[in-house]
Amino acid sequence: MRLPVQYGFINTCLKSLVVEKYGEEVWEKLRLQAGVQDTFLTFEVYKDEITMQLVDKACKVLGVPADMVLREFGEYFFEFCKRSGYDHMLRTLGGNLYEFIENLDALHSYLSLSYQASSSRIIGAAALDFFNIEISMEIVNQTEEEERTGKKEHIVFLVTQNPVLPYKERKKYSSSPPYLADSEKQSETQLNNEDLEKAKNTIRDRGNLVCPVKKSHWKTVRGIITLGRGKLLRGFDPVYPKSLWIDTKTFCNGLPFHMVFDKELRVKQAGVSIQKIVPGLQTMGICLDQYFSIVHPEVPFTITSIQKFINSQFVFQTRREMMPESWKQRPMLELRGQMIWMESLQCMLYLCSPLLRTLHELEERQMHIADIAPHDVTRDLILLNQQRLAEMELSNQLERKKEELRILSKHLEEEKKKTEALLYAMLPQHVANQLKEGKRVEAGEFKECTILFSDVVTFTNICAQCEPIQIVLMLNTMYLQFDRLTTVHDVYKVETIGDAYMVVGGVPVPVSTHAERVANFALGMVIAAKGVENPVSGNPIQIRVGIHTGPVLAGVVGEKMPRYCLFGDTVNIASRMESHGVPSKIHLSSSTYQCLKYKNFEMTERGEIEVKGKGKMHTYFLVRNKAATENEIMGRPVKDTDSGHESVQSFQEGRTETTPSSHQTVNQTQQERDQTTAIAMKYIDSPTDAQNSLKRRNQAKNADLTENLNHDR
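Computed from a predicted structure; not experimentally measured. (Residues numbered from 1 in each chain as written. Predicted model: local features only at pLDDT ≥ 70, side-chain atom pairs only at ≥ 80, totals over all residues. Heavy atoms only, no water.)

Trainee: Help me understand the pattern of salt bridges, please; the structure alone is not making it clear to me.
Mentor: Oppositely charged side chains can pair when the atoms bearing their charge come close. Overall, the coordinates contain 19 salt bridges when judged by the stated rule. The shortest N-O distance in the salt bridge between Asp56 and Lys60 comes to 3.6 Å. Pair noted here: Asp56 and Lys60 are both in helix H3 (residues 48–62), with a separation of four residues, about one helical turn. Put simply, Glu403 and Arg406 hold a salt bridge, and the shortest N to O gap is 2.8 Å. Linking Glu403 with Arg406, this pair stays in helix H14 (residues 378–426), spanning three residues, or about one helical turn. Salt bridges here are not isolated pairs; linked through shared partners, they connect Asp262, Glu264, Arg266 and Lys268. (Salt bridge = Lys/Arg side-chain N within 4 Å of Asp/Glu carboxyl O. Helix = DSSP H or I, 4+ residues; strand = E, 2+ residues; numbered from the N terminus.)

Laid out in structure tokens, this is it:
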């Protein structure tokens, strides 16, 4: 049996089998290993190697032999064809399995399919589904393939058919005594072996004969294929007239494409249209193989080979060198038809029609519809196929557009994710979503959050002594590391103005650990700043950090380039903590100190200081986190050798003087480590007041709803 493997239909079927039986992940793995695309156009022509690669990779991925994969594919392909609308076409091929197999090759020839695959499972599935018959297929002979000039496409099978018993009878036989079952099995095996041996002898004898045997090929096949008791499903005895009531001229005109030739391939008779196309056939007695070659099946042009494959449709092609001069520039004509052996005349009748698919092919050969007999369905097939090709082209265009839309949709989704990622980097996600939907963003009040400000020490002097590009590079290097730390500790970056960097914890998503997150972020800032070089002195830059905890009001300001801003006295005090701070130290207000007092942080008291606009304030310095290592604070992979929790300040104060070259090497190493993927630090948050309030409101709503339902009842 042949399958349209070069069409996308076959590859689509194989994909459907893998996805349905093994899952989408297995198909994706198989597809990537085979290096093929994910989708196939139904009528698009693909190379056979694609399907063979898929089958080969399926064997390796699934860990099953190739014959099992092909067997499953054969059974599934039959069901896939039925689901795809070919059920009715297959059912009308024949009333029994014999007629079904006899006409299956004709269907393939009509569809112009040219790939052979495992037919046993497909025919077996068709026999069981269409005719309620279980069959077994055994290879009888393959020696005939040695005579062929091309690929092995035909193998002689012994097809044994057994009726499928009803459930009650199967149960009855299955419950019979073991010795009876063994006896029946032994008898059946013996019978099958005898049938097989007889079939082999018959085929072997026929292959050794030079002249055709009296028993036709299909009589032999009818003897091999048995149904239950050895009779065909249909029995019909035709009635023939005593003499043929048609004259020679009428026969040649009524069947314009036919030829009769003997065992030596000498032409005895030819139709009028074929004589017109091949004038050499008007000379009776010429050898047929001088003017034609056999395209299908690929067999030698001898009467013996033709008889062996007499059930197949034969395709002849005219030989260019034997055609008239006016024909030599045209495409060669192909004829398709069946062979009929006439035993009484010892001649072969070839009933054929031009193998033309489109009107264009008809015009190329300078032929007309009138050259084909009115009763020949080839006339209709050319016109119908012309329409079918137009529909296929339209279907191909639609599938291509669909595939293009799928790819564009995929790219659009990727670009959308990039755009959203950029938008979410500028605004909180819930705020950005509200703005995308055209909604107005209401300002929100947060009862407690922690705000941090930082700036670069002597930034004004550095700007005065450096080129602008050096300042930009320095700030970009520093801010990239700070931005990475916001991911590690899940704090929100509000804005940067010059050398000032502002973050907040607990906004826009309230969390109970806002002070801890900002404190750890501040420790990471000081560590990261040591890896940024001062373009004037070549030493690490120094930063001041100030932190304060309190209530704020947050909202979106403006329509063009909207920003999520914080308002309230808490912002001013946090800014004052930074401006009144000390280089390379983290300055804390008393409210932040109270939040961190029992949280494994080491802090030292600074005492009372005069704060501009606020008077005297009691402040503190954050030294270190006693429960976290530097790698944890920086979001690096934690090493087993990490021990102790040396503070940032003690490291800074105890640092010895180093040369610029060695310092540059240290900076490069630290920057390389900080470029790795940020590992988020774990925090344990308890419900905040806002979350508790929301929970209480939801509980109240549920209680009201329950009360109303009970009241209605």
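Trainee: Looking at this structure, I do not really get the nonpolar core. What am I missing?
Mentor: If you look at soluble globular proteins, the nonpolar side chains tend to sit buried side by side. Grouped together as the largest cluster of nonpolar side chains are 45 residues, with contacts concentrated most on Leu452, Met478, Ile543 and Ile586. A per-element tally of this core places helix H18 (residues 514–529) first, with eleven residues. If near-sequence neighbours (up to four positions away) are discounted, Met478 is found in contact with Val456, Val532, Ile541 and Ile543. Core analysis: the next-biggest nonpolar cluster, separate from the first, contains 38 residues, Phe257, Ile274, Met348 and Ile382 among them. (Core = buried A, V, L, I, M, F, W, Y, C linked by side-chain atoms within 4.5 Å. Buried < 20%, exposed > 50% of the residue type's maximum accessible area, 1.4 Å probe, protein only. Contact = heavy atoms within 4.5 Å.)

Trainee: Help me understand unusual backbone geometry, please; the structure alone is not making it clear to me.
Mentor: Excluding glycine, residues mostly have negative phi values, and the peptide bonds linking residues are mostly trans. Note that the residue after His296, namely Pro297, is joined by a cis bond; omega there is -5°. Looking at the element boundaries, Pro297 is found in the loop between strand S5 (292–296) and helix H12 (303–308). Here the residue pair Val507 and Pro508 is connected by a cis peptide bond, since its omega of 0° sits within 30 degrees of zero. One non-glycine residue with positive phi stands out, namely Gln366, at about 50°. Relative to the elements of secondary structure, Gln366 occurs in the loop between helix H13 (359–364) and H14.

Trainee: It is not clear to me how the side chain of His514 should be interpreted in this structure. Could you clarify?
Mentor: In this structure, His514 sits in helix H18. Using a relative accessible area of 3% as the deciding quantity, one classes His514 as buried. His514 has contacts with Glu448, Cys449, Thr450, Gly505, Gly506 and Thr549, leaving out every residue within four places of it along the chain.

Trainee: Can you walk me through the sheet that holds strand S4 (residues 267–270) in this structure?
Mentor: Sheets are built from strands that pair by backbone hydrogen bonding, the pairs being arranged parallel or antiparallel. With respect to topology, six strands assemble into an open sheet ordered S4-S3-S8-S7-S6-S5, the strand pairing being antiparallel. Strands with a single pairing partner mark the edges of an open sheet, and in this sheet they are S4 and S5. Geometrically, the sheet is characterised by an average inter-axis angle of 30° between neighbouring strands, direction not taken into account. Pairing of strand S6 (residues 314–318) with strand S7 (residues 334–342), which is carried by four bridges, proceeds in the antiparallel orientation. Its bridge partner lying in S7, Gln317 is registered against Glu334. (Pairing = 2+ DSSP bridges. Axes fitted to C-alpha atoms, helices over the stretch in contact; angles between N-to-C directions.)

Trainee: Mind showing me how you'd approach the pairing of S4 here?
Mentor: Bridge count for strand S3 (residues 258–262) against S4 is three bridges, and the pairing is antiparallel. Bridge assignment links Phe261 to a residue of S4, and that residue is Val267. The antiparallel pairing of S3 with S4 creates a hairpin that spans four residues between the two strands, and Leu265 there sits at a positive phi of about 70°.

Trainee: Explain the packing of helix H17 (residues 468–489) against H18 to me, please; I cannot follow it from the model alone.
Mentor: Each pair of packed helices gets described by two things: the angle between the helix axes and the distance between those axes. Closest axis-to-axis distance for the H17/H18 pair is 10 Å, and the angle between their directions is 150°. On the basis of their axis angle, the class for H17 and H18 is roughly antiparallel. Judged by the twist between their axes, the crossing of H17 over H18 is right-handed. Across from Gln481, Phe482, Leu485, Thr486 and His489 in H17, the residues of H18 making contact are Arg517, Asn520, Phe521, Gly524, Met525 and Ala528. Considering only residue class, the contact of H17 with H18 consists of five nonpolar, five polar and one charged. (Parallel < 35°, antiparallel > 145°, perpendicular 65-115°, else oblique. Left-handed = near helix turned anticlockwise from the far one by under 90°. Nonpolar A, V, L, I, M, F, W, Y, C, P; charged D, E, K, R; others polar.)

Trainee: Before we go on, may I ask you to explain the pairing of strand S13 (residues 563–567) in this structure?
Mentor: Along any regular strand, the residues point their side chains to alternate faces of the sheet. Of the two faces of S13, only the one carrying Tyr564 and Leu566 is buried; Arg563, Cys565 and Phe567 on the other face are not. When strand S12 (residues 543–557) meets S13, the two strands line up antiparallel, connected through five bridges. If you follow Val556 over to S13, its bridge partner there is Tyr564. In sequence, S12 turns back onto S13 through a hairpin of five residues, with Gly558 there showing a positive phi of about 85°.

Trainee: Would you take a moment to explain the environment of Arg330 for this structure?
Mentor: The topology assignment puts Arg330 in the loop between S6 and S7. Residue Arg330 is classed as buried on the basis of its relative accessible area, which comes to 12%. Separated by 33 residues in sequence, Arg330 and Glu363 place their C-alpha atoms 10.0 Å apart. What Arg330 contacts, discounting residues up to four positions off in sequence, is Arg320, Glu364, Arg365 and Gln366.

Trainee: Mind showing me how you'd approach H14 here?
Mentor: In an α-helix, one turn spans 3.6 residues; hence positions three or four apart end up facing the same way. With 49 residues, H14 should reach 72 Å at 1.5 Å per residue; the first-to-last C-alpha distance of 70 Å fits that figure. Those residues of H14 that fall on the buried side of the exposure criterion are Thr378, Ile382, Asn385, Met392, Asn396 and Glu399. Lining the buried residues of H14 we find strand S8 (347–354) and H13. (Expected span 1.5 Å × (residues − 1).)

Trainee: Honestly, the packing of aromatic side chains in this entry has me stumped. Any pointers?
Mentor: For any pair of aromatic rings, the description consists of the separation of the ring centres together with the inter-plane angle of the planes. Within the structure shown, the criterion is met by nine aromatic pairs. Residues Phe292 and Phe316 carry aromatic rings whose centres are separated by 6.0 Å and whose planes lie at 40° to one another, so their mutual orientation is tilted. Of the two residues, Phe292 sits in strand S5 while Phe316 sits in strand S6, which places them 24 residues apart along the sequence. Each member of the pair, Phe292 as well as Phe316, carries the same accessibility label: buried. Between Tyr593 and Tyr620, the ring centres sit 3.8 Å apart and the planes meet at 5°, which makes this aromatic pair stacked. Placement of Tyr593 in helix H20 (residues 590–596) and of Tyr620 in strand S16 (residues 615–625) is noted, with a sequence separation of 27 residues between them. Considered together, Tyr593 and Tyr620 belong to a single accessibility category, that of buried residues. The rings of Phe292, Phe301, Phe316 and Tyr350 are connected pair by pair, giving a single aromatic cluster. Cation over ring: Lys585 sits above Phe621, and NZ or CZ is 5.5 Å from the ring centre. (Phe/Tyr/Trp six-rings, centres within 6.5 Å; stacked < 30°, edge-to-face > 60°. Lys NZ or Arg CZ within 6 Å of the ring centre and 35° of its normal.)

So far we have only geometry, and geometry alone does not tell us how the molecule works.
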